[in-house]
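# Structural overview
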Amino acid sequence: MGKVIAIANQKGGVGKTTTTVNLAASLGVLEKKVLLIDGDPQANATSGLGINVDEIEIGTYQLLEHTQPAEKTILKTSSPNVDLIPAHIDLVAIEIELVDKDQRESMLKFAIEGLRDKYDYILIDCAPSLGLLTLNALTAADSVIIPIQCEYFALEGLGKLLNTIKSVQRIHNPDLDIEGMLLTMYDSRLRLSNQVVEEVKKHFSDMVFDTIIQRNVRLGEAPSYGESIIKYDASSKGATNYLNMASELLKKNRERV
């Protein structure tokens, strides 16, 4: 039975999509079968894996609407062992269209139930909001990874996200765990970065991944080529960081690396 992990933070620009794409690619390289679900109307995870968003006809929108079976929404990617359910800008409309439906927060959970046996990990790239799309992801997930950038205002809004997770646990998904908090965009030369690391570890200790994602030019370049950092530059610091993070995730889930 595959594990479903949502990558969520309502704060934008913290490295959610970068983490989802590169964690998926890293797990794929480590011979895990991975499905990435793009749950963000901006569709950056889709384009980041080399898929032309303008050509998408079936994807997350149809998955949530239940107008297509989940298997028909899946695309192969050029990353080894990584499949994708792509997003398109039409996903913006889903929150309005689902609002009157029964069990609207569980539409994703119901849609992907049959896919769990086909993958080791299903990763959901969440939208930068706490709306119905993110609620669907948290209701469908077994756990959540929270990326936190090592910058000013890093902890801003984190309390709201944690409260949302508690609400989801209480009302919709009592089995939801926090897989961990991932520190991103770390620059060891900056005192502020080091202060944020100390602060987050002081407040959340065991909930924080040991791996820290360092600020890396190659990481920023890779999406413009429609490639993960593993494919774009496997020798870069960014690739090493995400491979380490994937290994840490597997060990955390008691899998041999």
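Here the structure is a predicted model, which is why all the values come from computation and not from measurement.

A few words now on the pattern of salt bridges. Tallied over the full model, the rule gives eleven salt bridges. Among the salt bridges present, the one from Glu71 reaches Lys118, with a minimum N-O distance of 3.8 Å. Of the two residues, Glu71 is situated in the loop between α3 (60-65) and β3 (75-76) and Lys118 in the loop between α5 (107-112) and β5 (121-126); the sequence distance between them amounts to 47 residues. Note that Asp83 is salt-bridged to Lys76, the shortest N-O span being 3.5 Å.

A few words on empty space enclosed by the protein. Applying the stated criterion across every chain, the model contains two cavities of 30 Å³ or more. Taken together, Ile37, Gly39, Thr60, Leu64, Leu108, Ile124, Leu133, Asn136 and Ala137 make up the lining of the largest cavity. The element that contributes the greatest number of residues to the lining of the largest cavity is helix α6 (residues 132-140), accounting for three residues. The residue inventory of the lining of the largest cavity, partitioned by class, reads six nonpolar, three polar and no charged.

As a further point, take a nonpolar patch on the surface. Side chains of Tyr152, Phe153, Leu190 and Leu192 sit close together on the surface and give an oily, nonpolar patch of about 420 Å² of accessible area. Tracing the backbone shows Tyr152 in the loop between β6 (143-149) and α7 (158-171).

For the rest of this paragraph, the subject is the layout of surface pockets. By volume, the largest pocket is sized at about 500 Å³. In this structure, the largest pocket is lined by 27 residues; those nearest its centre are Gly15, Lys16, Thr17, Thr18 and Met185. Ranked by the residues each element gives to the lining of the largest pocket, the list is headed by helix α1 (residues 16-29), at five residues. Classifying every residue of the lining of the largest pocket by side-chain character gives nine nonpolar, 14 polar and four charged.

Rules used throughout
- Residues numbered from 1 in each chain as written.
- Predicted model: local features only at pLDDT ≥ 70, side-chain atom pairs only at ≥ 80, totals over all residues.
- Heavy atoms only, no water.
- Salt bridge = Lys/Arg side-chain N within 4 Å of Asp/Glu carboxyl O.
- Helix = DSSP H or I, 4+ residues; strand = E, 2+ residues; numbered from the N terminus.
- 1 Å grid on protein atoms, 1.4 Å probe; cavity = no way out; pocket = protein on both sides within 12 Å on 5 of 7 lines; lining within 4 Å.
- Points joined across faces, edges and corners; volume = space filled by probe spheres on them.
- Nonpolar A, V, L, I, M, F, W, Y, C, P; charged D, E, K, R; others polar.
- Patch = residues over 30% accessible without salt bridge, like charges linked within 9 Å, V, L, I, M, F, W, Y side chains within 5 Å.
- Areas by Shrake-Rupley, 256 points an atom, 1.4 Å probe, with all protein chains shown as cover.

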